[in-house]
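Read off the chains here:
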Amino acid sequence: MMMDAPWVVAHVERPNAPAPSPTASARLNDALKLAEQLGGSTVVLTGDDLVTSTLDYARLNNVTQIVVGKSSHPRRNPFRKTLITSLLEASKGAALHVITEQAEAEAVAPRPARRSLASWPWAGQLGALGLVGLSTAVAFLTDRISDDANLAMFFMLGVLASGLTLGLWPALTAAAVSAFVYNFFFLDPRLTIWIGHPADVLTFAVFFVAALITGWLTGRVRDQGRAVSRRAAAVAALLAASRRLSSAVGHEAAAQVLAEQLAAATNGAAVVLTPSDDDIVLTAATPALEALPSVDLAAARWAWEKGEPAGAGTGTLPNSAWTFRPLQGGRARAGVAGVEPHAVHAEEDERFVGALLDQGAVALERAEFAAQAADAQALLRSDRLRSALLNSVSHDLRTPLSTVLGSVTTLLDYGKSLDKAVQRDLMLSIREEAERLNRYVGDLLDMTRLEGGALVTRREWVDLRDVLGAAVDRVTRRLESRQVVRDFPPELTMVKADPSLLEQALVNILENAIAYSQDGSRIEVAAYEDRANVVIAIEDEGRGIPTAQLEQVFEKFRRMEESTDRGKGAGLGLAISKGFVEAMGGRIAAASPIHDGRGTRILISLPKERQTPEQLL
Amino acid sequence: MSAHKPRVLVIDDEPQIHRFLGPALEAAGYEHVRAETATEGLREIARKAPDAVVLDLGLPDMDGKQALEKARAFYDGPILILSARDRETEKIDALDLGADDYVEKPFGVGELLARLRVAMRHRLQRVGAAPIIEVGDLKIDMIKRLVSRAGAPLHLSPKEYDLLVQLVEGGGKVVTHRQLLTAVWGPAHTEDVQYLRVFIAQLRQKIEPDPAVPTLIATEPGVGYRWLA
């Protein structure tokens, strides 16, 4: 076969064929899953005829090579053609490959003991006998009253009733017993098994056959109805479980849901173990469980490593209290689930648990992928932040240093030939840049304090007007010809705050206002109060902040990237202001534009204390 | 040189850089022309025809390399790059694209002016390059392709000789690995920096008075080599 060619494993489901045994379905499921893990795709076809279905699919999908396995079982019907012969005769345009079975007996599916025979419900048989007795009694009474009543009908009713209420085998029992009783009690000569009248022989024969057919039909109808409703219930339960599993967010939540669903399905306890650092650990349990004993853990580990069931009821470590089964996901093993061994009884339950395990494996796997994706995202974000930090530090430290070094060397090398005014200007620029450097280092230190959790606030009673005044004084030299307008009320409630942190927060906001507004414009600082808060507002007449970026202005290193913004700082100022204000229990917000599409307003609100110092006096 | 003061165009978006470079250049006898964006800088190159250009790579409106390429399309004079250490690759690319030299921020004006002088001298040399170069007792005759020390001929392999000529013709400015490899070994070997390590070492053995303390060929780590004489 060509390497890397796409390949498909097809399974033909025949609606009219008897249901396969659980072992056979399990083997089929395993085979399909294995095919998917090996990179093939799987398809389940429905059709009465294996050969036609297969070949139709092959033709529609341009399959060029068909591989079939040759069974070494002796043919049950020597007159029927084997699958291979039929395929060979019917196939056109596709090569047929036949793989013979291994000689090992291991490959043959163990045929399960015919459980249905062994577990005959004797109650059903007794019920059938009871119904026959009832028919007999009614027939007896009718026989007394009327001579020529057709008594066979009563027995037929009994058989029908047995079939409908008790199932196939009780119905057949009822048919046989009814035939005997009918003959013994009601066909002449009575109370013998002999039949005197030749016509009665015919009646008896017809009755017997009709009773058998009736019993068989009604019994089957009833059994199938039961099976259908059981299956529908199982499907509904599985659907509900799958819905819960798929809505579980996160690895542990998925494991917990799986444990709950397994516990409910098996009417017992369930545990789920998932991988963590090359080992598996108990992730979820219903009912809650702290840890597993070492023997159970060993069985779980075995199931995890080998991908086969282990623990109670299996050949491996059967003294464990649990039966562990691997959770085989689409690509890898997602974990191990354990249930109590006595919990699983019927085949339906078994199948349901199997399906639940599959669903759980997929859910766990998906949660794992989601977590990995989130990790990658976070890593990318922190990476971007780090490179932004590096760029910023590199640019913001180096630019003032360049100016200082350049100015100093100019003064050293050419100082004598420079005008006094130029010399003074160079010295001023050295001072300005040294101050800028100092501010920047201060910002970095503040940020480190904030992020390192080393920020200690010393809160005392402060009048916000004083702090605002001090902050404005600190930036006066940088204002150039910008005008600061103060709008303070004559009375303002004092709040508890750290005056130095608050001053730094206000200075950062004022510096921002200066950096982003034109020389000669106005900066307004106001203070006012409402019932619960004292509020500071700082407004500039700069170009404002686009609405989309309003929420990000308080993030670190968020400097609006525009050509003229270079050299305005690292983009740390507002982030520090926010950190400081929040450390004091206050809130900070930005609004922009505030008038005529321009201007930015930063609001800081600090909560009032219940008792003011005036009241305390 | 013409009668007017040599004109230097500084393209940098930091006003503080102009604030000290202006007086420094004036004091050193240059005329200072300033531009704050690449677009403005390109316009000034076209209008004022400066004798040298100082170009900051981190300009707001255009990638530094792009600005350099555009300038080189119509300007042949010396271009000096101002760069930061974290923009290493950008700096090398700029040199490969035809920048003459670079100065790393932060820098002293003395260093910048020295580099500027070298770059301008090199441009003048190129116009009338001397066929015979003498450094101490080392003599390089580019017409006869002979190298000798104190009259005694030195035996250089053809590759060693080509390498030496490339460096000497650089005239004191840095010659990048890529430029050397392309000129001597051809464009297929632009990444084979190990050739240079070997051949530069051999060249130093033959021409340097003390190969352990090179005085003729300086290494610019990660960038290239420079002829010091």
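Placed above this text is the structure.
Note that the coordinates shown come from a computational prediction; the quantities given were computed from them, not determined experimentally.

### Description of the interface of chain B and chain A
At step 1: Between chain B and chain A, the contact holds 21 residues from the first and 24 residues from the second.
At step 2: Elements supplying a minimum of two residues to the side of chain B that touches chain A: α1 (15-27) and α5 (109-127) of chain B.
At step 3: Here the side of chain B that touches chain A takes eight residues from α1 of chain B, the largest share from any one element.
At step 4: Its residues placed into classes, the side of chain B that touches chain A shows 12 nonpolar, three polar and six charged.

### Comments concerning the nonpolar core
At step 1: Ranked by internal contacts, the top residues of the largest apolar core, which has 67 residues, are I11, V53, L55 and L80 of chain B.
At step 2: Take this core: its biggest share by element is seven residues, from α5 of chain B.
At step 3: Viewed by domain, this core spans two of them, domain 1 (7-127) and domain 2 (132-227) of chain B, each represented by three or more residues.
At step 4: Those residues within four positions of V53 of chain B in sequence are excluded, and the remaining contacts are L9, I11, I45, A71, G77, I79 and L80 of chain B.
At step 5: A285, A312, V336 and V339 of chain A belong to the second-largest nonpolar core, a separate cluster that totals 41 residues.

### A word on the sheet that holds strand β4 (residues 79-83) of chain B
All names here are of chain B.
At step 1: Ordered by their spatial adjacency, five strands build an open sheet running β2-β1-β3-β4-β5, and the pairing between neighbours is parallel. The open sheet terminates on both sides in strands that have one partner only, identified here as β2 (31-35) and β5 (101-104). Here the average twist between neighbouring strands, direction ignored, is 20°.
At step 2: Across five bridges, the pairing between strand β1 (residues 7-11) and β2 is parallel. When the sheet's bridge partners are listed, V10 is paired in β2 with R34.
At step 3: Sheet strands in contact with α1 are β1 and β2, and its direction is about 160° off that of β2.
At step 4: Helix-sheet contacts for helix α4 (residues 88-96) involve β4 and β5, and the interaxial angle to β4 is about 175°.

About the thresholds
Residues numbered from 1 in each chain as written. Chains lettered and ligands numbered in written order. Predicted model: local features only at pLDDT ≥ 70, side-chain atom pairs only at ≥ 80, totals over all residues. Contact = placed C-beta atoms within 7 Å. Helix = DSSP H or I, 4+ residues; strand = E, 2+ residues; numbered from the N terminus. Nonpolar A, V, L, I, M, F, W, Y, C, P; charged D, E, K, R; others polar. Core = buried A, V, L, I, M, F, W, Y, C linked by C-beta atoms within 7 Å. Buried ≥ 20, exposed ≤ 12 C-beta atoms within 10 Å, placed from the backbone. Domains from an automatic or database assignment. Pairing = 2+ DSSP bridges. Axes fitted to C-alpha atoms, helices over the stretch in contact; angles between N-to-C directions.

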